[in-house]
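If you want the building blocks of each chain, they are given just below.
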Amino acid sequence: MPVRIDKWLWAVRAYRTRSDAADACRNERVRINGAYTKPSREVNTGDEVSFRKGIVTYTYRVLEPVANRQPAKNVHLYAENITPQEEMDKLNVPRETVFISRDRGTGRPTKKERRDIDDLMQDISYLAGWEDD
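(A) Main features of the pattern of salt bridges. For the coordinates displayed, the defined rule picks out eight salt bridges. The shortest N-O distance in the salt bridge between Arg26 and Asp23 comes to 2.7 Å. A residue pair is termed a helical-turn pair when its members lie 3 or 4 positions apart in one helix, as Arg26 and Asp23 do in helix α2 (residues 18-26) at three residues. Classification of Asp23 as partly exposed rests on a relative accessible area of 35%. Each member of the salt-bridge network shares a partner with another, and the members are Arg4, Asp6 and Arg18.

Structure below.
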């Protein structure tokens, strides 16, 4: 029995809510067998589902379509995690902490200072690969 992809992603606890899963589909963060999908697309046994959360792209194989939310201990019955190790290693990348010091009493940053801070943060996130697609 086929199940909608947004419902399946919610049922196997890939996303906290079904609307989060549907939004991910609409924003092209979910693929079924390599093709972007709409939330209404149905998944079948054997399909390969990839979805991006943060900087990691998780990949699962559908073992059984399920429409009801499952306990975490039962997820392995419905989805097989086949995420490559390189993707999982992205979770362990140390995050660089940037601290910008301002002297006490100098007030809020000026428009130019704020732009400089934003540019610095954008450069750091680009170099670290933290960009939100």
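(B) Up close: the packing of aromatic side chains. Across all of its chains, the model carries three aromatic pairs by this definition. Ring centres of Phe51 and Tyr58 lie 5.6 Å apart, and the angle between their planes is 25°; on these two criteria the pair is classed as stacked. The residues Phe51 and Tyr58 share a single accessibility class, namely buried. When the centroid spacing of 5.6 Å and the interplanar angle of 10° are considered together, the rings of Phe51 and Tyr60 count as stacked. Here a set of aromatic residues connected by ring pairs shows up, and it is made of Tyr15, Phe51, Tyr58 and Tyr60. Arg31 extends its terminal NZ or CZ atom over the ring of Tyr36, reaching a point 4.2 Å from the ring centre. Taking the ring centre of Tyr15 as reference, the NZ or CZ of Lys53 above it sits at 5.3 Å.

(C) How the structure looks around the sheet that holds strand β7 (residues 79-81). Strands sit in the order β3-β2-β5-β6-β7 across an open sheet of five strands; the sheet is antiparallel. Looking at the sheet topology across the chains shown, the edges are occupied by β3 (35-36) and β7. Two strands pair when backbone bridges link them, and strand β5 (residues 48-53) and strand β6 (residues 56-62) are joined in this way by six bridges, in the antiparallel orientation. What sits directly across from Arg52, in β6, is Thr57.

(D) Molecular detail of the pairing of β5. Two elements, strand β2 (residues 30-32) and β5, share three bridges in a ladder whose sense is antiparallel. Across the sheet, the residue bridging to Val30 is Phe51, located in β5. Here β5 folds back onto β6 in antiparallel fashion, the turn holding two residues, of which Gly54 has a positive phi close to 70°.

(E) Here's a closer look at unusual backbone geometry. In this model, Arg13 sits at a positive phi of 65°, which is unusual for a non-glycine residue. Along the polypeptide, Arg13 turns up in the loop between α1 (5-11) and α2. Taking relative accessible area as the criterion, Arg13 reaches 39% and is therefore assigned partly exposed. With phi around 55°, Glu28 is a residue other than glycine that occupies positive phi space.

Conventions we followed
- Residues numbered from 1 in each chain as written.
- Predicted model: local features only at pLDDT ≥ 70, side-chain atom pairs only at ≥ 80, totals over all residues.
- Heavy atoms only, no water.
- Salt bridge = Lys/Arg side-chain N within 4 Å of Asp/Glu carboxyl O.
- Helix = DSSP H or I, 4+ residues; strand = E, 2+ residues; numbered from the N terminus.
- Buried < 20%, exposed > 50% of the residue type's maximum accessible area, 1.4 Å probe, protein only.
- Phe/Tyr/Trp six-rings, centres within 6.5 Å; stacked < 30°, edge-to-face > 60°.
- Lys NZ or Arg CZ within 6 Å of the ring centre and 35° of its normal.
- Pairing = 2+ DSSP bridges.

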